[in-house]
Amino acid sequence: MKLSKIYNPQEMNSYQFVSATGMIMSLVAHVILVIIGKSIQNFEALYICWFVFFTLGTIVNLRNNDDDHGHHHHH
């Protein structure tokens, strides 16, 4: 099991990359909302969605064994 697939963007699959980007964008949006004093109901649910999405992507990525076919798949 290559744990670098969890934290190294170059080894992430598209699901992980999209959800990691989404998480960062949500954080940025959250900070902006705090600065301008606005509050959105259930905004925190976004983090849960991104986390679930990232976890599923990680499971798929870790199960995808690069050695199976002798060539690498990069998105």
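Chemist: Help me get a handle on the packing of helix 2 (residues 14-36) against helix 3 (residues 45-63), residues and values and all.
Modeler: Close contact between helix 2 and helix 3 brings their axes to 8 Å; oriented N to C, the two are set at 160°. Judged on the interaxial angle alone, helix 3 and helix 2 are roughly antiparallel. Relative to helix 3, the crossing made by helix 2 is left-handed. For the pair helix 2 and helix 3, contact is made by Tyr15, Gln16, Val18, Ser19, Ala20, Gly22, Met23, Ser26, Leu27 and His30 and by Leu46, Tyr47, Trp50, Phe51, Phe53, Phe54, Gly57, Thr58 and Asn61, respectively. Partitioning the contact of helix 2 with helix 3 into residue classes produces 11 nonpolar, 8 polar and no charged.

Chemist: Talk me through helix 2; I want residue IDs and the actual numbers.
Modeler: Under the 1.5 Å per step criterion, the end-to-end length of helix 2 is 33 Å for 23 residues, consistent within 8% with the ideal 33 Å. The set of residues buried in helix 2 consists of Gln16, Ser19, Gly22, Ser26 and Leu33. Elements in contact with the buried residues of helix 2: helix 1 (4-7) and helix 3. The backbone nitrogen of Tyr15 lies 3.2 Å from a side-chain oxygen of the residue at the head of helix 2, namely Asn13. With its phi angle positive at about 75°, Gly37 sits one or two positions after the end of helix 2.

Chemist: Give me the lowdown on the packing of aromatic side chains, citing residues and values where you can.
Modeler: Applying the stated criterion across every chain, the model contains 3 aromatic pairs. Taking the centre distance of 6.0 Å and the plane angle of 90° together, the rings of Tyr15 and Phe53 count as edge-to-face. With Tyr15 in helix 2 and Phe53 in helix 3, this residue pair connects regions lying 38 residues apart in the sequence. The exposure class of Tyr15 is partly exposed, given its relative accessible area of 43%. Both rings, one in Phe43 and one in Tyr47, keep their centres 6.2 Å apart while their planes meet at 80°; by these two values the pair is edge-to-face. Take Phe43 and Tyr47: they sit in the same class, and that class is buried.

Chemist: Could you give an account of the side chain of Gln16, with specific residues and numbers?
Modeler: Structurally, Gln16 is set in helix 2. You can call Gln16 buried: its relative accessible area is 0%. In terms of polar contacts, Gln16 uses its side chain to reach the side chain of Asn61, at 2.5 Å. When residues no more than four places from it in sequence are discounted, the contact partners of Gln16 are Lys5, Ile6, Glu11, Phe54, Gly57, Thr58 and Asn61.

Rules behind the numbers
Residues numbered from 1 in each chain as written. Predicted model: local features only at pLDDT ≥ 70, side-chain atom pairs only at ≥ 80, totals over all residues. Heavy atoms only, no water. Axes fitted to C-alpha atoms, helices over the stretch in contact; angles between N-to-C directions. Helix = DSSP H or I, 4+ residues; strand = E, 2+ residues; numbered from the N terminus. Parallel < 35°, antiparallel > 145°, perpendicular 65-115°, else oblique. Left-handed = near helix turned anticlockwise from the far one by under 90°. Contact = heavy atoms within 4.5 Å. Nonpolar A, V, L, I, M, F, W, Y, C, P; charged D, E, K, R; others polar. Expected span 1.5 Å × (residues − 1). Buried < 20%, exposed > 50% of the residue type's maximum accessible area, 1.4 Å probe, protein only. Polar contact = N/O pair within 3.5 Å; in protein donor to acceptor, adjacent residues only side chain to side chain. Phe/Tyr/Trp six-rings, centres within 6.5 Å; stacked < 30°, edge-to-face > 60°.

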